[in-house]
Amino acid sequence: MNGLEMTYPATRRSLPLWHMLSGSGKLALLILLLMAGVALAAPLLCRHSHRIASGPALAAPSLVHPMGTDELGVDLWAQIAYGARISLLVGAATALLAGVGGAAVGIVSGYQGGLADRLTMRLIDILLVLPDLPVMIVLAAFFGPSVTTIIVVLAAFSWTATARIIRSRVLILKERRYIKAAELYGAGTLYLLRRHFLPEIFPLAAVGMIRLAGRAIVAEAGLSFLGLGDPTSRSWGLIMHHALSFKGIYYTDFWKWWLVFPWLALTLVVTSLALLGRDLEKLADPRIGRS
Amino acid sequence: MEMKATEQNRRRFFDYLFTLFIVVSLNFALPRLMPGDPFLYLSGDHGEEIARFSTDQIDAYRHQYGLDKPWPAQYAASLFALLRGDLGYSIYYNKEVSTILLNRLPWTLLLVLSAVFFSTVIGCLLGSLSASFRGKALDRLLYPLMIAVAEIPAFLLGLMLLFFLAAGLRLFPLSGAMTHFAGTAGFWHTFVDIAHHAFLPVLTLTMVRTGAMYLLARNAMTTVLARDYVRTARAKGLSTARILARHSLRNAMVPIVTRVFLSLGGLVGGAILVENVFAYPGLGRLMRESVLVHDYPMIQGIFLLVTGAVLSANFLADCIYRRLDPRIGLSTEVQP
């Protein structure tokens, strides 16, 4: 990703995104769009409430409850549909926050250089060696689990990767002759940023954000799975947490729907994000695919 | 950027010391940043009937716990306690935090170290194979497979293995690190029992790490195999196995060894979650238990131990990296 040369054939850019994706990338995009659709249309798609019991406890999947019910008799399909909202919200919000923040930091420290740059790089070095999950657990344990806390903590820990990539890109770009020429003609910082830096940086930032979204969704699921999720909103990780807290769940058949369905939803979303990210990475930096 | 290795090491050492200082300070500050006052809702001792403490009583408690001192003094006191190895007293388990940590640590070490060992060996082996048969059928099969494996988060993979191998096929135990009340059936029996219990968690962590190790080894080997001295060795008529073992692997080791140490941070995070998937009695399991019962001293103790270990491993990686490859100056960053 240190991108020394990034030249696009003219046709490559004019093609719409869909045609540039590989087969797996298309499938991944479809799955993600489907999940987003489920999240948005959750009230229309679910017959039962995702909070109130609507049947016998621990019922196996049937026509009434397509994914069965949990220990309180709450419909699992409704919980998973509404849980998609939390996962996607956490993923999108963290990616946006950390991606935009990281890109801004990367641009400033790369373009300005000097003390600001040295301080940011030191800060990034420190954040890189800290194991993020233990820190997140401690912060969530002390400040109380809420979706906002999780998003802020995740973003605070994941902006560094984007910032580093963008910074090294800016460092290369600002030595380019056309940038120097523009500067000589009196182009201001904002003009350079808008006309020359942002178009080059945007694909990198977009790929970074897809990666961030995947990591954030996994991290949220992991924290909820440990019992540190927002108790007022049932995310996929929290459903698994409740299922695993059920004593002797594996000696019954309950795990076959109570654990498997949230697991499946999570795995689908995470794998799709990874596949899509890999495809976009190849597009942003064609050298990667040809290893 | 010419700088002596010792000087660089010292500078990196202070970097890590500073990071550790931040961690310790965070640990000190967090309980004090929480809303509320520890004595406001303090319940009475056994047999006492106290609805609310008087100001005098609260002051007495404050004095007893040293909370009446100004915070720099409290901070110094906590640092000294830390240096003595005193991590505080667990509210829930009613024991010294350090005692419980020492009890649980071996299980986590067992998982993490075995996973590091197996993933490194398997990853390097497959990576070297892939590099030497680059573009052939084996490489074309392994490469996408390993990329896919590298993308799966540890605890989701662990759950899948648990579903199929333990809950479905009943091949492995569902939880724990050894059979309870198994008695003393001899050393060998105990060993097999522990290995049987550790198999799935270790397999999960190994699979998750192998993908990354494979990609790294494949890259490093490809670079080395393109060098002139390898061509010379091949021209001398040496066998592929000998070229791989004697001429290439040793030179490809630099990034691999560094990565092994640098990956510990991520592996610890994975281990915390995977231990909970398999109800394995290590530090990760302990962390979840302590979080559920709000045992704050315990959570802080685990946090300090884990971050301290990861920071030390990273520092070691830095030192080893410089020693193995003297060309690396301070300006070059170690890629995580």
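Residues numbered from 1 in each chain as written. Chains lettered and ligands numbered in written order. Predicted model: local features only at pLDDT ≥ 70, side-chain atom pairs only at ≥ 80, totals over all residues. Heavy atoms only, no water.

Each helix and strand in chain A was counted, giving 13 helices and zero strands. Mapped from its N terminus to its C terminus, chain A presents α and β elements in the order α-α-α-α-α-α-α-α-α-α-α-α-α. For chain A, the proportion of its 291 residues judged to be buried stands at 52%. Sequence-distant contacts, at least 24 apart, represent 71% of the contacts inside chain A between residues at least 6 apart. Carbon and sulfur atoms make up 68% of the accessible area of chain A, which totals about 13200 Å². (Helix = DSSP H or I, 4+ residues; strand = E, 2+ residues; numbered from the N terminus. Buried < 20%, exposed > 50% of the residue type's maximum accessible area, 1.4 Å probe, protein only. Contact = heavy atoms within 4.5 Å. Areas by Shrake-Rupley, 256 points an atom, 1.4 Å probe, with all protein chains shown as cover.)

Moving on, we get to the overall build of chain B. On a plain count of helices and strands, chain B comes out with 12 helices and zero strands. Moving toward the C terminus, one meets the helices and strands of chain B in the order α-α-α-α-α-α-α-α-α-α-α-α. Across the 336 residues in chain B, those meeting the buried criterion constitute 44%. The contacts of chain B with a sequence gap of at least 6 include a subset with a gap of at least 24, amounting to 72%. Split by element, the accessible area of chain B, about 18500 Å² in all, is 65% carbon and sulfur.

With that settled, consider the packing of aromatic side chains. Residue and element names in this part refer to chain B. Applying the stated rule across the entire model yields 10 aromatic pairs over all chains. Here the aromatic rings of Y16 and F315 are separated by 5.6 Å at their centres, their planes lie at 65 degrees, and the arrangement is edge-to-face. Of this pair, Y16 sits in helix α1 (residues 5–33) while F315 sits in helix α12 (residues 296–324), placing them 299 residues apart in sequence. On the basis of relative accessible area, Y16 is assigned to the buried category, the value being 7%. Judged by centre distance (5.3 Å) and plane angle (70 degrees), the ring pair of F117 and F118 falls under edge-to-face. (Phe/Tyr/Trp six-rings, centres within 6.5 Å; stacked < 30°, edge-to-face > 60°.)

Before going further, it helps to examine the interface of chain A and chain B. Listed as interface residues are 42 residues of chain A and, on the opposing side, 50 residues of chain B. Regarding the contact of chain A and chain B, the summed buried area is about 4200 Å², with carbon and sulfur atoms giving 75% of it. Linking chain A with chain B are zero salt bridges. Between the two partners, chain A and chain B, sit two residue pairs in polar contact (both at pLDDT 80 or more). Elements with a minimum of two residues in the side of chain A that touches chain B: α6 (114–129), α7 (132–143), α10 (189–225), α11 (236–245) and α13 (260–284) of chain A. Take the side of chain A that touches chain B: its biggest share by element is nine residues, from α7 of chain A. (Buried area = accessible area lost by both parts, 1.4 Å probe. Salt bridge = Lys/Arg side-chain N within 4 Å of Asp/Glu carboxyl O. Polar contact = N/O pair within 3.5 Å; in protein donor to acceptor, adjacent residues only side chain to side chain.)

What follows covers the packing of α7 of chain A against α10 of chain A. Residue and element names in this part refer to chain A. Between α7 and α10, the shortest axis-to-axis distance is 11 Å and the interhelical angle comes to 55 degrees. When the axes of α7 and α10 are compared, the pair comes out oblique. Of the two elements, α7 crosses α10, and the hand of that crossing is right-handed. Where α7 abuts α10, its residues D132, L133, M136 and I137 lie against R215, A219 and L223. Residue composition of the contact of α7 with α10, by class: five nonpolar, no polar and two charged. (Axes fitted to C-alpha atoms, helices over the stretch in contact; angles between N-to-C directions. Parallel < 35°, antiparallel > 145°, perpendicular 65-115°, else oblique. Left-handed = near helix turned anticlockwise from the far one by under 90°. Nonpolar A, V, L, I, M, F, W, Y, C, P; charged D, E, K, R; others polar.)

A word on the nonpolar core. Ranked by internal contacts, the top residues of the largest apolar core, which has 129 residues, are I137, W236, M240 and W258 of chain A together with F155 of chain B. Here W258 of chain A is in contact with L58, D70, E71, L76, I239, H242, A243, F246 and I249 of chain A, once residues within four sequence places are set aside. Core analysis: the next-biggest nonpolar cluster, separate from the first, contains 12 residues, A103, V170, I179 and I201 of chain A among them. (Core = buried A, V, L, I, M, F, W, Y, C linked by side-chain atoms within 4.5 Å.)

The subject of this paragraph is the side chain of N276 of chain B. One can find N276 of chain B in helix α10 (residues 264–277). Discounting residues that sit within four places of it in the chain, N276 of chain B has contacts with F225, L226 and L244 of chain A together with G284, R285 and R288 of chain B.

Turning our attention to the confidence of the model for chain A. Model confidence for chain A is summarised by a mean pLDDT of 81, while 91% of its residues fall at 70 or above. In this model residues 1–14 of chain A is a low-confidence stretch, pLDDT under 50, and it forms 27 contacts with partners more than four residues away in sequence or in other chains. (pLDDT = per-residue confidence, 0-100.)

So, about the pattern of salt bridges. Residues and elements named next belong to chain B. This model, assessed by the stated rule, comprises eight salt bridges over all chains. Note that D228 and R231 form a salt bridge whose closest N and O atoms lie 2.9 Å from each other. Placement of both D228 and R231 in helix α8 (residues 228–235) is noted, with a separation of three residues, approximately one turn of the helix. There is no split in this pair, since D228 and R231 are both exposed. Ionic contacts of the salt-bridge type, sharing partners, join the residues R104, R285 and E289 into one network.

This next bit is on the environment of Y89 of chain B. All names here are of chain B. Considering the arrangement of structural elements, one finds Y89 in the loop between α3 (71–83) and α4 (97–132). Classification of Y89 by relative accessible area gives partly exposed; the value is 44%. Placed 204 residues apart in sequence, Y89 and V293 show a C-alpha to C-alpha distance of 14 Å. Each residue touching Y89, except ones within four places of it in the same chain, is listed here: N94, K95, E96, V97 and P297.

Residues and elements named next belong to chain B. Summarising the model, chain B shows a mean pLDDT of 79, and 86% of its residues fall at 70 or more. Per-element confidence in chain B ranges from a low mean pLDDT of 76 for helix α2 (residues 55–64) to a high of 89 for α4. We note a pTM of 0.80 for the whole complex and an ipTM of 0.77 for its interfaces.

Turning our eyes to something else, we now look at the environment of K136 of chain B. Assignment of secondary structure puts K136 of chain B in the loop between α4 and α5 (137–151). For the pair K136 of chain B and A81 of chain B, spaced 55 residues apart in sequence, the C-alpha to C-alpha distance is 60 Å.

For α13 of chain A, which comprises 25 residues, the first-to-last C-alpha distance of 36 Å matches the rise-based estimate of 36 Å (1.5 Å per residue) to within 8%. Counting buried positions along α13 of chain A gives 18 out of 25 residues, so the element sits mostly inside the fold. (Expected span 1.5 Å × (residues − 1).)

Moving on to a nonpolar patch on the surface. Residue and element names in this part refer to chain B. Together, F13, F14, L17 and L20 line one region of the surface with nonpolar side chains, adding up to about 340 Å² of accessible area. Within the element layout of this structure, L17 appears in helix α1. Given the relative accessible area of 40%, L17 is considered partly exposed. (Patch = residues over 30% accessible without salt bridge, like charges linked within 9 Å, V, L, I, M, F, W, Y side chains within 5 Å.)

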